[in-house]
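# Observations on the model geometry
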Amino acid sequence: MNFELSEEHKMIRDAAREFAQELKAGVIQRDEEAKFPTDFVKQMAELGFMGIMTPEAYGGAGMDTLAYVLVLEEIAKIDASAAVIVSAHNSLVLYGLNAFGTEEQKQKYLVPLAKGEKLGAFALSEPEAGSDASSQHTTAEDKGDHYLLNGTKNWITNGGHADIYLVIAQTHPEKGHKGINVLIVEKGLPGFTIGPKENKLGIRSSDTHSLLFSDVKVPKENRIGEDGFGFKFAMKTLDGGRIGIAAQALGIAAGAYNLALAYSKERKTFGKPISEHQAIQFKLADMEVDIETARLLTYKAAWTKDQGLPYGKEAAMAKLHASEVAMKHTVEAVQVHGGYGYVKEYHVERLMRDAKITQIYEGTSEIQRLVIAREILR
């Protein structure tokens, strides 16, 4: 085993860390106003973050999953909303197109997405299909040379700003999950409407919308994979997506810890810094242990994927643990700050609000436990 990052990985981590400091300017205001960080997304594209795992031949940076995780961790330390924009775009859209798309689909859609010229979104969840992803009520009726798409998707990250959407829909209800397809849908098609932006607890500058489809005509050549491949596509894509959310959760936890550690050395009570009180030292020690274990699990999941090995269990373990660490220790970071932790100026209350969603999206903690249990009992 070698736990040392390569020079290339250190460089990409440091570049992301430096960029994240730019994100800090205005992050509180973006959170309050639920403002999408358009200019920063452009900068992330210029840095190669918006196509980091996509091969250079298709406009990406051609780097591995570990590099991707390092970027997300550093960005999420400062702005979890910016991190999830990168995560959904790379893990859920670019990965699926690169792994399963045709050459024509890659040239038309993957290239501009990997270059950051366009933004992607993944549309799986519905009002009655979240954890039960096989229960798709959105339909894609086969009309010969095209599909007729009808239904509603909700909780869609990048929903309002995306240009390209991968939409999961049921074509053959009698076949259950084997009758589901995934279609590439472009913004602006007749009958495709974007619903209002959700007013969320956390990750507020990431836009989350419902999508409504009413007799949307989607060309047959926009189907990814064989007829009925959609559910398998979604499950394979979500495995990688969970690594991205684990990295986001890790970054949130580490960012809160860094703030709590620094504050504990500055704040004085009873004539000395609170970092010299054992009650605070124990909190900091627990944070360090839990965050480091989350980091090891997340890096291992990324490494496992990069080796071409099965990584579903590793991704679920990393996502489960990192998200629970993020929730636990952002709360503790607020506690270390005392009353100051409850006001926006000190950032930790925002990180606490951002942490909660990591236990919910791309598979709840309960679903992660189910995935892990199935693997170990297989």
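Computed from a predicted model, the values in this text were never measured in an experiment. Sequence order as written defines residue numbering, which begins from 1 separately in each chain. At least 70 in pLDDT is required for a residue's local features to be given in this predicted model, at least 80 for side-chain atom pairs to be given and counted, and no such filter applies to totals for whole chains, interfaces and linings, which use all residues. Computation of side-chain values covers all heavy atoms of the structure but excludes hydrogens and water.

### Focus: the overall build of the protein chain
Secondary structure follows DSSP: runs of H or I at least 4 residues long count as helices, runs of E at least 2 residues long count as strands, and numbering of each begins at the N terminus. Scanning the protein chain from N- to C-terminus turns up 11 helices and nine strands. We compute the radius of gyration over the C-alpha atoms and compare it with the globule rule, which gives 2.2 Å times the number of residues raised to the power 0.38. In summary, the protein chain has a C-alpha radius of gyration of 21 Å against a globular reference of 21 Å for 378 residues, a match within 12%. With respect to the principal axes defined by its C-alpha atoms, the protein chain has extents near 80 × 45 × 35 Å. Buried positions account for 56% of the 378 residues belonging to the protein chain. Burial classes: relative accessible area under 20% of the type maximum marks a residue as buried, over 50% as exposed, and values in between as partly exposed (1.4 Å probe, protein chains only).

### Here we look at the UniProt feature "domain: Acyl-CoA dehydrogenase/oxidase C-terminal" (unreviewed entry) in the protein chain
UniProt positions are given in the numbering used here, feature names are shortened, and annotations may be inferred rather than shown by experiment. UniProt annotation of "domain: Acyl-CoA dehydrogenase/oxidase C-terminal" (unreviewed entry) refers to residues 230–377 when read in the numbering used here. Taken end to end, residues 230–377 has its terminal C-alpha atoms 26 Å apart, with 77% of it in helix and 3% in strand.

### A short note on the pattern of salt bridges
Each salt bridge in this description consists of a side-chain nitrogen of Lys or Arg and a carboxyl oxygen of Asp or Glu lying within 4 Å of one another. Taken as a whole and judged by the stated rule, the model has 20 salt bridges. The residue Glu4 makes a salt bridge to Lys10 at a minimum N-O spacing of 2.6 Å. When the shortest N-O distance is used, the salt bridge between Lys344 and Glu349 registers 3.7 Å. For Glu349, a relative accessible area of 10% puts it in the buried group. Overlapping salt bridges bring together Asp31, Lys344, Glu349 and Arg353 as one network.

### Focus on the pairing of strand β4 (residues 164–170)
Extensive coverage of β4 is indicated by the burial of seven of its seven residues. Burial along β4 is two-sided: Ile164, Leu166, Ile168 and Gln170 facing one way and Tyr165, Val167 and Ala169 facing the other are all buried. Relative to β4, strand β1 (residues 120–123) runs parallel, the two being bridged by four bridges. Counterpart to Phe122 in the pairing with β4 is Leu166. Paired strands, in this sense, are two strands between which DSSP finds at least two bridges. Of the pairings in the sheet, the one linking β4 to strand β5 (residues 180–186) comprises seven bridges and is antiparallel in character. Bridging across to β5, Gln170 finds its partner in Ile180.

### Examining the UniProt feature "domain: Acyl-CoA dehydrogenase/oxidase N-terminal" (unreviewed entry) in the protein chain
Per the UniProt record, "domain: Acyl-CoA dehydrogenase/oxidase N-terminal" (unreviewed entry) is found at residues 6–117. Secondary structure content for residues 6–117 is 71% helix and 0% strand, while the C-alpha to C-alpha distance between its ends is 30 Å.

### Quick word on unusual backbone geometry
Within the chain, Asp215 stands out as a residue other than glycine whose phi angle is a positive 50 degrees. As for its placement among the helices and strands, Asp215 is situated in strand β7 (residues 208–219). The partly exposed category is assigned to Asp215, whose relative accessible area is 48%. If you check the backbone angles, Phe270 has positive phi at about 50 degrees while not being a glycine. Among the structural elements, Phe270 can be located in the loop between β8 (268–269) and β9 (272–273).

### Considerations on the nonpolar core
Across soluble globular proteins, you tend to see nonpolar side chains buried next to one another. Take the buried residues of types Ala, Val, Leu, Ile, Met, Phe, Trp, Tyr and Cys, join any two whose side-chain atoms come within 4.5 Å, and each joined set is a nonpolar core. Met44 and Ile75 are the most contacted members of the largest nonpolar core, which totals 70 residues. At the level of secondary structure, the elements contributing two or more residues to this core comprise α1 (7–23), α3 (38–46), α4 (65–78), α5 (80–100), α7 (230–266), α8 (278–306), α9 (312–337) and α10 (348–356). Residue contacts are defined here by distance: any two heavy atoms, one from each residue, within 4.5 Å place the two residues in contact. Setting aside chain neighbours within four positions, we find Met44 in contact with Phe19, Phe49, Met50, Ile75, Ala82 and Val86. In terms of nonpolar packing, the next biggest core, distinct from the first, is built from 26 residues, Leu92, Val182, Phe229 and Ala234 among them.

### Some remarks on the side chain of Gln248
In this structure, Gln248 sits in helix α7. Gln248 gets classed as buried once you look at its relative accessible area, which sits at 0%. Among all residues touching Gln248, those that are not within four sequence positions of it are Ala76, Ala80, Ala83, Val84, Ile203, Thr358 and Tyr361.

### What to know about a nonpolar patch on the surface
Each patch is assembled from residues with relative accessible area greater than 30% and no salt bridge, linking like charges that lie within 9 Å and nonpolar side chains (Val, Leu, Ile, Met, Phe, Trp, Tyr) that lie within 5 Å. All accessible areas in this document rest on Shrake-Rupley with a 1.4 Å probe, and a residue is counted as covered only by the protein chains that are shown. A surface patch of nonpolar side chains, amounting to about 450 Å² of accessible area, comprises Met1, Phe3 and Leu296. Among the residues examined, Leu296 registers a relative accessible area of 41% and is labelled partly exposed.

### Things to note about the packing of α7 against α10
Where α7 meets α10, the axes come as close as 10 Å, and the angle between the chain directions of the two elements is 160 degrees. Judged on the interaxial angle alone, α10 and α7 are roughly antiparallel. When the axes of α7 and α10 are compared, the crossing they make is left-handed. Here α7 contributes Ile252, Gly255, Ala256 and Leu259 to the contact with α10, which in turn contributes Val348, Leu351, Asp354 and Ala355. All axes are obtained by fitting lines to C-alpha atoms, using only the stretch in contact for helices, and the reported angles, taken between N-to-C directions, cover 0 to 180 degrees. What sets the label is the angle itself: under 35 degrees gives roughly parallel, over 145 gives roughly antiparallel, 65 to 115 gives roughly perpendicular, and the rest give oblique. Take the far helix as your reference; a near helix turned counterclockwise from it by less than a right angle gives a left-handed crossing, and one turned clockwise gives a right-handed crossing.

### Concerning the packing of aromatic side chains
Two rings from Phe, Tyr or Trp (for Trp, the six-membered ring) form a pair when their centres are within 6.5 Å of each other. A pair whose planes differ by under 30 degrees is stacked, one over 60 is edge-to-face, and the rest are tilted. For the coordinates displayed, the defined rule picks out 11 aromatic pairs. Consider the rings of Phe19 and Phe40, whose centres lie 6.1 Å apart with planes at 75 degrees: the pair is edge-to-face. With a gap of 21 residues between them, Phe19 in helix α1 and Phe40 in helix α3 connect regions that are remote in the sequence. Summarising the burial analysis for this pair, Phe19 and Phe40 share the class buried.

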